Amino acid sequence: MAVGSMKHTLSVLVEDEAGVLTRIAGLFARRGFNIESLAVGPAEQLGVSRITMVVPGDDRIIEQLTKQLYKLINVLKVQDITEVPCVERELMLMKVNANSSNRSEVVELAQIFRARVVDVAEDSLTLEVVGDPGKMVAIVQVLNKFGIREIARTGKIALTRESGVNTEFLKSLESKVEGAVR
C-alpha cells in the first residue's frame with residue numbers, strides 16, 4: 001500500500017439483478033484496484049442486496065471509486081463507513097492439526113476466542129470463529145504453531161452503529177483505565 005493510503009470499508013446497496021457484481025468487479029479491475037474483501041447478501045429491503053467491500057486506497061481514490069460506482073446501473077447507495085462507528089463481523093472456518101497429545105490445548109485456546117468446534121477428526125479439528133477482523137488475525141497467530149490446514153473466510157460485513165458509540169474509542173479508553181490501575 002502506498003504512503004497515505006489505508007483500507008476503506010464501503011457499504012454498497014444494489015438492486016438484486018444479474019450482472020451487478022460483475023459490473024462492479026469490472027469497474028475495479030479496469031482501474032487496477034484490488035478488492036481485499038467482499039461479502040454480498042440480501043439487505044433489509046426485498047430486491048436489494050448489500051455489498052460490503054474492503055478496498056485499499058487514499059481518500060481521493062475512494063472518492064473517485066464512489067463516483068464511478070454511482071454511475072453503474074443498479075447501484076442505489078454507496079457509503080464509505082471506514083471512519084463511522086460500526087459493528088463489524090467476519091466468519092472463519094479453520095481446520096487445525098490436533099492429535100490426542102495436543103487436542104485439549106487447541107480446544108482450550110479456541111475457547112478463549114469463543115470459537116466453536118464444528119468437526120472432529122482423528123488428527124484435526126475444524127473451528128468456527130465469529131468476530132471482528134482483528135480477532136481472526138489473532139486466533140490464526142495463536143493456533144499457527146499447531147499447523148493450520150485450511151482457512152475459509154467470509155470477508156467483513158458491517159453496519160453503522162445507530163448508537164454512535166465508537167468501539168475503537170471505547171477500547172482505547174478501557175486500555176487507559178487498565179494502565180492507570182496497574
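Data block above holds the structure.
Predicted, not measured: the structure shown is a model, and the values here were computed from it.

Q: Would you explain a nonpolar patch on the surface in this entry?
A: Side chains of Leu91, Leu93, Val118 and Val130 sit close together on the surface and give an oily, nonpolar patch of about 280 Å² of accessible area. Relative to the elements of secondary structure, Leu91 occurs in strand S5 (residues 86–97).

Q: Whenever I open this one, the pattern of salt bridges confuses me. Can you help?
A: Where charged atoms from two side chains of opposite charge approach closely, those side chains can pair. Following the criterion strictly, the structure yields 9 salt bridges and no others. With a closest N to O distance of 2.9 Å, Lys95 and Glu150 form a salt bridge. One end of the pair, Lys95, is in strand S5; the other, Glu150, is in strand S8 (residues 148–153), and 55 residues separate them in sequence. Owing to a relative accessible area of 28%, Lys95 belongs among the partly exposed residues under this scheme.

Q: Looking at this structure, how should I read the nonpolar core?
A: Most often, soluble globular proteins keep nonpolar side chains buried together rather than apart. In this structure, Val12, Ile24, Phe28, Met53 and Leu69 are the most contacted members of the largest nonpolar core, which totals 17 residues. Secondary structure elements with two or more residues in this core: strand S1 (6–15), helix H1 (20–30), strand S3 (48–57), helix H2 (59–71) and strand S4 (75–80). Residue contacts for Leu69: discarding those within four places in its chain leaves Leu10, Val12, Ile24, Leu27, Phe28, Val75 and Val78. Val106, Leu109, Leu125 and Met136 belong to the second largest nonpolar core, which has 16 residues in total.

Q: So what exactly am I meant to see when it comes to the sheet that holds strand S2 (residues 37–42) here?
A: Strand pairing in a sheet is mediated by backbone hydrogen bonds. Such pairs are either parallel or antiparallel. Strand order in the open sheet formed by 4 strands is S2-S3-S1-S4, and the pairing between neighbours is antiparallel. Pairing within the sheet leaves two strands with one partner each, and these edge strands are S2 and S4. On average, each strand axis in the sheet is tilted by 15° relative to the strand beside it, whichever way the strands run. In the packing of H1 onto the sheet, contacts are made with S1, S2, S3 and S4, and the angle to S3 comes to roughly 15°. Lying over the sheet, H2 contacts S1, S3 and S4, oriented at roughly 170° with respect to S4.

Q: Looking at this model, I keep getting lost on the packing of H1 against H2. Mind explaining?
A: Relative placement of two packed helices is described by the angle separating their axes and the distance separating the axes. Where H1 meets H2, the closest approach of the two axes is 11 Å, and the angle between their N-to-C directions is 140°. Considering the relative orientation of H1 and H2, their crossing is right-handed. Of the residues in H2, those touching H1 at Ile24, Leu27 and Phe28 are Leu65, Gln68 and Leu69. Per-class residue counts for the contact of H1 with H2 are 5 nonpolar, 1 polar and no charged.

Q: What am I meant to see in the pairing of strand S7 (residues 124–131) here?
A: The two faces of the sheet receive side chains in turn, since in a regular strand these alternate between them. Of all 8 residues making up S7, 6 are buried, and the element is well covered by its neighbours. Inspection of the sheet shows S5 paired to S7 by 8 bridges, in the antiparallel sense. Its bridge partner lying in S7, Glu90 is registered against Gly131. From the end of strand S6 (residues 116–120) to the start of S7, which pair antiparallel, there are 3 residues.

Q: When you look at the side chain of Thr9 in this model, what are you seeing that I'm missing?
A: Along the chain, Thr9 turns up in strand S1. Judged by relative accessible area, which is 4%, Thr9 ranks as buried. Within polar-contact distance, the side chain of Thr9 engages the side chain of Lys156 at 2.7 Å. Look past the residues within four positions of Thr9 in its chain and what remains in contact with it is Thr52, Met53, Val54, Gln79, Asp80, Ile81, Thr82, Glu88 and Lys156.

Q: Honestly, the layout of surface pockets in this entry has me stumped. Any pointers?
A: Space left empty within the atom packing is revealed by a probe, the size of a water molecule, rolled over the atoms. Space inside the second largest pocket adds up to approximately 190 Å³. Taken together, 13 residues make up the lining of the second largest pocket; nearest its centre are Arg50, Thr52, Ile157, Ala158 and Leu159. Counting only elements with at least two residues in the lining of the second largest pocket, the list comes to S2, S3, S5 and strand S9 (157–160). It is S2 that provides the largest number of residues to the lining of the second largest pocket, a total of 4 residues.

How each quantity is defined
- Residues numbered from 1 in each chain as written.
- Predicted model: local features only at pLDDT ≥ 70, side-chain atom pairs only at ≥ 80, totals over all residues.
- Heavy atoms only, no water.
- Patch = residues over 30% accessible without salt bridge, like charges linked within 9 Å, V, L, I, M, F, W, Y side chains within 5 Å.
- Areas by Shrake-Rupley, 256 points an atom, 1.4 Å probe, with all protein chains shown as cover.
- Salt bridge = Lys/Arg side-chain N within 4 Å of Asp/Glu carboxyl O.
- Helix = DSSP H or I, 4+ residues; strand = E, 2+ residues; numbered from the N terminus.
- Buried < 20%, exposed > 50% of the residue type's maximum accessible area, 1.4 Å probe, protein only.
- Core = buried A, V, L, I, M, F, W, Y, C linked by side-chain atoms within 4.5 Å.
- Contact = heavy atoms within 4.5 Å.
- Pairing = 2+ DSSP bridges.
- Axes fitted to C-alpha atoms, helices over the stretch in contact; angles between N-to-C directions.
- Left-handed = near helix turned anticlockwise from the far one by under 90°.
- Nonpolar A, V, L, I, M, F, W, Y, C, P; charged D, E, K, R; others polar.
- Polar contact = N/O pair within 3.5 Å; in protein donor to acceptor, adjacent residues only side chain to side chain.
- 1 Å grid on protein atoms, 1.4 Å probe; cavity = no way out; pocket = protein on both sides within 12 Å on 5 of 7 lines; lining within 4 Å.
- Points joined across faces, edges and corners; volume = space filled by probe spheres on them.

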